[in-house]
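So the chains spell out like this:
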Amino acid sequence: MVDNERMDVPDLLESASLLVPAETATENDITVQDIWDYLAHDEWEIALGLLEELGDGRSIPPALWEKLAEAAEQLRMERSAAWCHWRCAEIRNGVIRAELTLRPAGEGRRTTPISGTGVLRPMWDIGDLSPTGERAVSIAALWVENMPILEPGGQASVRLVPLTPSHWTHVRPGQRITMHEDRSVAGTAVVSEVHRPAAVPGDGRRYAPRPY
């Protein structure tokens, strides 16, 4: 973890902006130069949001997300802080994107919505078997895209960060996997994208997103 304890919000954001390649731009053609303009006018929340957009590139180092998370925490932007910690975990552990459908409340164990911000770490049946031939499940944290919660019976695009990435190397787009909170099926997901862990020089750590 980068030591940011003595850095204030503008210093953290300026430091993070230096980690973004100069040629990187958002869909609206916002660049690092534009972010410096916002920082000059103390528009910290706007600068933070734009840096999150610029951080979508796969070549962005985890240090950028660590700095943004610290800045978001100081600004008391809890969802942004959770997202930045989550993105750091995606870089280190890989991420699986999927379309998830939860079972309706009357058919499954869960009767309340699930949090969309990476708090839930359910088990997933991804086709593995134990040495005795029984079903083996693997844990992956769950982030719901563009929604704060997901109701029972609901559908959403989700992001999964595996707790043990090596268990997920055989997972491929188009594969159907099932979500479990106990022995029963809590939901079914169809994998749309698979991104392996990024190579982070000098760092062999594996991360789980921080619960919020």
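Up top is the structure these notes are about.
Residues numbered from 1 in each chain as written. Predicted model: local features only at pLDDT ≥ 70, side-chain atom pairs only at ≥ 80, totals over all residues. Heavy atoms only, no water.

Turning our attention to the overall build of the protein chain. When its secondary structure is counted, the protein chain shows 5 helices and 8 strands. Counting over 212 residues, the protein chain shows a buried share of 45%. For the protein chain, restricting intrachain contacts to residue pairs at least 6 apart in sequence, the fraction spanning at least 24 positions comes to 67%. Entry remark: accessible area of the protein chain is about 10900 Å², with carbon and sulfur atoms responsible for 50%. (Helix = DSSP H or I, 4+ residues; strand = E, 2+ residues; numbered from the N terminus. Buried < 20%, exposed > 50% of the residue type's maximum accessible area, 1.4 Å probe, protein only. Contact = heavy atoms within 4.5 Å. Areas by Shrake-Rupley, 256 points an atom, 1.4 Å probe, with all protein chains shown as cover.)

It is worth spelling out the pattern of salt bridges at this point. Counted by the stated rule, this structure contains 8 salt bridges. Between Glu 90 and Arg 87 there is a salt bridge, and its shortest N-O distance comes to 2.9 Å. Here the residue Glu 90 and the residue Arg 87 both occupy positions in helix H5 (residues 78–93), the gap between them amounting to 3 residues, near one helical turn. Of the two residues examined, Glu 90 and Arg 87, each falls in the buried class. A salt bridge links Arg 109 to Asp 182; the nearest nitrogen and oxygen atoms lie 3.5 Å apart. Of this pair, Arg 109 sits in the loop between strand E1 (95–102) and strand E2 (114–115) while Asp 182 sits in the loop between strand E7 (176–180) and strand E8 (185–195), and the two are 73 residues apart along the sequence. A relative accessible area of 30% means that Asp 182 is categorised as partly exposed. Three or more residues are tied together by salt bridges with common partners; here these are Arg 87, Glu 90, Arg 97, Glu 145, Arg 159 and Glu 193. (Salt bridge = Lys/Arg side-chain N within 4 Å of Asp/Glu carboxyl O.)

The next point concerns the sheet that holds strand E3 (residues 123–129). Within the closed barrel, the 6 strands sit side by side as E1-E6-E4-E3-E7-E8. Their pairing is antiparallel. Going from strand to strand, the sheet's axes swing by 45° on average, the running direction of each strand aside. Seen against the sheet, H5 touches E1, strand E4 (135–144) and strand E6 (155–162) and runs at an angle of roughly 55° to E6. (Pairing = 2+ DSSP bridges. Axes fitted to C-alpha atoms, helices over the stretch in contact; angles between N-to-C directions.)

A few words now on the side chain of Glu 145. Residue position: Glu 145 is located in the loop between E4 and strand E5 (149–150). Glu 145 gets classed as buried once you look at its relative accessible area, which sits at 14%. One polar contact links Glu 145 to Arg 97, side chain to side chain, over a distance of 2.9 Å. Non-local contacts of Glu 145, meaning those with residues more than four positions away in its chain, are made with Arg 97, Ser 157, Val 158 and Arg 159. (Polar contact = N/O pair within 3.5 Å; in protein donor to acceptor, adjacent residues only side chain to side chain.)

In this section: the pairing of E4. Pairing of E3 with E4 involves 4 bridges; the strand directions are antiparallel. Looking at the pairing, Leu 129 lines up with Arg 135 of E4. Between E3 and E4, which pair antiparallel and follow one another directly, the connecting turn spans 5 residues, one of which, Gly 133, has a positive phi of 90°. Direction of pairing for E4 relative to E6: antiparallel, over a ladder of 5 bridges. Its bridge partner being in E6, Leu 142 is matched across the sheet by Leu 160.

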